[in-house]
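# Geometric and topological summary
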Amino acid sequence: MSGEQDRPGRLRRAPESFLTGDFLQEVKEEGFNEQRRNWMRKAFAVAAAGVAGTGLARAAEQAAGGGFVGDPNILELPPWSTSLGKPVAARGYGMPSEYEMNLMRRESPGLASVKQASVAFTPLQGLFGIITPSGLHFERHHQGWVDIDPSRHRFMINGLVKNPKVYTMDDLMRMPSVSRIHFIECGANTAMEWGNVAVPTVQYTHGMLSCSEYTGVPLKVLLDDCGIDMKKAKYLLAEGADGSSLTRTISLERGLDDAIVAYGMNGEMMRPENGYPLRLVVPGVQGVSWVKWLRRIEVGDKRYGAKDETSGYADLMPDGTMREYTSIQEAKSVITSPSGGQTLLDKGYYNVTGLAWSGRGKVKRVDVSFDGGNNWQTARLETPILSKALTRFNIGWKWDGQPAILQSRVIDETGFVQPTYSQLRAVRGSGSVYHNNAIQSWKVAESGEVSNVQVS
Ligand code: MTE
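Report on the accompanying structure. Predicted model, so just to flag it, every value in this text is computed and none were measured. (Residues numbered from 1 in each chain as written. Predicted model: local features only at pLDDT ≥ 70, side-chain atom pairs only at ≥ 80, totals over all residues. Heavy atoms only, no water.)

### Some remarks on the overall build of the chain
Helix and strand counts for the chain come out as 9 helices and 25 strands. Across the 456 residues in the chain, those meeting the buried criterion constitute 49%. For the chain, restricting intrachain contacts to residue pairs at least 6 apart in sequence, the fraction spanning at least 24 positions comes to 71%. As presented, the chain carries roughly 21000 Å² of accessible surface, and 52% of it is formed by carbon and sulfur atoms. (Helix = DSSP H or I, 4+ residues; strand = E, 2+ residues; numbered from the N terminus. Buried < 20%, exposed > 50% of the residue type's maximum accessible area, 1.4 Å probe, protein only. Contact = heavy atoms within 4.5 Å. Areas by Shrake-Rupley, 256 points an atom, 1.4 Å probe, with all protein chains shown as cover.)

### Digging into the pattern of salt bridges
Summed over the entire model, instances satisfying the criterion amount to 25 salt bridges. We note a salt bridge from R271 to E268, for which the minimum N-O separation is 2.8 Å. By relative accessible area, R271 is classed as partly exposed at 23%. A single network of salt bridges, built from pairs that share partners, joins E239, R295, R296 and E298. (Salt bridge = Lys/Arg side-chain N within 4 Å of Asp/Glu carboxyl O.)

### Observations concerning the site of the ligand
The environment of the ligand is formed by 22 residues, the closest being F138, H142, D242, R279 and K292. R140 places a main-chain nitrogen or oxygen 3.0 Å from an oxygen atom of the ligand. Contacts to the ligand include K292, whose side-chain N or O atom sits 2.5 Å from an oxygen atom. (Near = heavy atom within 4 Å. Polar contact = N/O pair within 3.5 Å; in protein donor to acceptor, adjacent residues only side chain to side chain.)

### Details of the pairing of strand β23 (residues 404-412)
For β23, the buried fraction is high: 9 of the 9 residues fall into the buried class. Here β23 shows a buried face lined by A404, L406, S408, V410 and D412 and a second buried face lined by I405, Q407, R409 and I411. By the bridge criterion, 6 bridges tie strand β19 (residues 363-369) to β23 in an arrangement that is antiparallel. In the sheet register, V368 faces β23, and the bridge partner there is S408. Examined bridge by bridge, β23 and strand β24 (residues 441-444) share 4 bridges and lie antiparallel to one another. Paired with L406 across the strands is W442, a residue of β24. (Pairing = 2+ DSSP bridges.)

### Structural notes on the nonpolar core
In this structure, F155, I157, L222 and L280 are the most contacted members of the largest nonpolar core, which totals 52 residues. Of all the secondary-structure elements, those providing two or more residues to this core are β4 (154-159), α5 (169-173), β7 (209-218), α7 (219-225), β8 (235-240), β10 (260-265), β12 (279-281) and β13 (294-300). Sort the elements by how many residues they give to this core and β10 lands first, with 5 residues. Not counting residues within four places of it along the chain, the set of residues in contact with F155 comprises K165, V166, Y167, L172, L222, V261, L278, L294, R295, R296 and I297. Ranked by size, the runner-up nonpolar core spans 32 residues in total, among them L124, I130, V366 and L390. (Core = buried A, V, L, I, M, F, W, Y, C linked by side-chain atoms within 4.5 Å.)

### Quick word on helix α9 (residues 421-428)
Considered for burial, the residues of α9 that qualify are Y421, L424 and R428. Within α9, the buried residues cover an arc of 70° as seen down the axis, which keeps them to one side. In α9, the exposed positions angled more than 90 degrees off the buried face are occupied by A426 and V427. Those residues of α9 hidden inside the fold are in contact with β14 (315-316) and β15 (322-323). (Arc of directions from axis to C-beta.)

### Description of the sheet that holds β23
Taken together, 5 strands build an open sheet; the order of strands is β20-β19-β23-β24-β25 and the sheet is antiparallel. Among the strands making up the open sheet, the edge pair consists of β20 (377-378) and β25 (450-453). Pairing geometry for β19 and β20, over 2 bridges, is antiparallel. Residue pairing in the sheet places V368 in a bridge with Q377 of β20.

### With respect to unusual backbone geometry
Following S337, the chain continues into P338 via a peptide bond in cis, with omega recorded as 0°. For P338, the location among the structural elements is in the loop between β16 (332-337) and β17 (343-344). The amide bond that connects T383 to the next residue, P384, takes the cis arrangement and shows omega of 0°. Mapped onto the fold, P384 is located in the loop between β21 (380-381) and β22 (391-399). Within the chain, T190 stands out as a residue other than glycine whose phi angle is a positive 70°. With a phi close to 55°, K388 is a non-glycine residue in the positive phi region. Turning to its location among the elements, K388 is positioned in the loop between β21 and β22.

### Examining the packing of aromatic side chains
A full pass over the atoms with the stated rule returns 6 aromatic pairs. Centroid distance F155 to Y167: 6.2 Å. Interplanar angle 25°. Geometry classified as stacked. One end of the pair, F155, is in strand β4; the other, Y167, is in strand β5 (residues 165-168), with 12 residues separating them in the sequence. Across the pair, Y167 and F155 agree in class, each one buried. A ring pair is formed by F370 and W397, whose centres lie 5.1 Å apart and whose planes are at 5°; its orientation type is stacked. Here F370, found in the loop between β19 and β20, pairs with W397, found in strand β22; they are 27 residues apart in sequence, far enough to count as distant. W397 carries the same exposure label as F370, and that label is buried. (Phe/Tyr/Trp six-rings, centres within 6.5 Å; stacked < 30°, edge-to-face > 60°.)

Structure below.
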């Protein structure tokens, strides 16, 4: 690499910021003096574990015109190199580093008046690859989460079957199992942005999205085990065991396709917040149909008209009608870094990274624009590229210090192209809550600050 714009730039992460906006402004206006240099050295040292501190400290020295003075982080041995570490199994269940504790799922202030009927969003801005760590999986509960004793949990299949059955967890875990990676996205993801820009960071715009490896029994195996009446059966009703008695109609076609009655998530038992000990996984379909704490599936011949598919989870269309029984999450993508709330601290090279997904299958291509959609470049898709799973994309970008608008646009294997806001609103209006899959725009200001904007 050569020249200012080829050098990797530094990124101040959001919301884990360690330099204040005032300080950055002061340095911009008045440059460094000895006092500011010392202050910055200290600030970078504190943030060392968060953002590769040694490189930053050295860069700060050089930026300050001090030249290379020797990095104490190399020249002086730190305590961890000269002492005994902690013993094995000091923590029976591993935890992230204490320097990563700010990366957590967060509730959007003021979104819901009751914490039991609310959402905690996944911090997409701080994650790599496609798997969401189980402890950072988003949460959406209608009436709080429960931690069910698996020895007392029962799962029933009844309705249009020859042999209605009740399974224990033990029964289920002895049956043929599959493990597959899939995304789950709440139909209400990005809901707050229908009218205009509403929230600052990707955690809140897109964080009702997670991706895990699920293990369980294919629903088809269980329906066959009960002798489903294939002549009459058309729909399934899935019911949860929590206080909300969440019930959802699922078409038989989808149920027989790739749905899983899952107990495993990312190699261990499902977390209680996500449905322990049993949840329905319906790949590609909106999150509300992934019934948690699954206790019953009824086989029927008509849609059930349950409360969570009539009063809620229906789309208000521009002509005043409600669109019911939507299921598939259409193709969508978002740049996760740089993204809203972050600050680019230098001109130069940035690895622009993000996620793309489609409820209809695999991601075929992701294009990225740096000028608000006038020009597009094709991003690199990282493997694995799996059906109905998140796909990670990356593309290099040299920021020249001028204002820029970053966007990503996915095309899935069916040829569906992610719409702009004006294309989406032309069909759906702006009175909807659910299924907003418009192209997201992040504006990079001259100051390097990144903010959420909408362009048509
Ligand atoms: N299942 C039950 N039993 N109760 C619930 O409140 N919430 C639904 C769905 N399944 C819910 C449920 C909604 S609206 C969504 S988006 C997903 O679970 C959220 O799953 P998560 O909390 O594992 O992210």
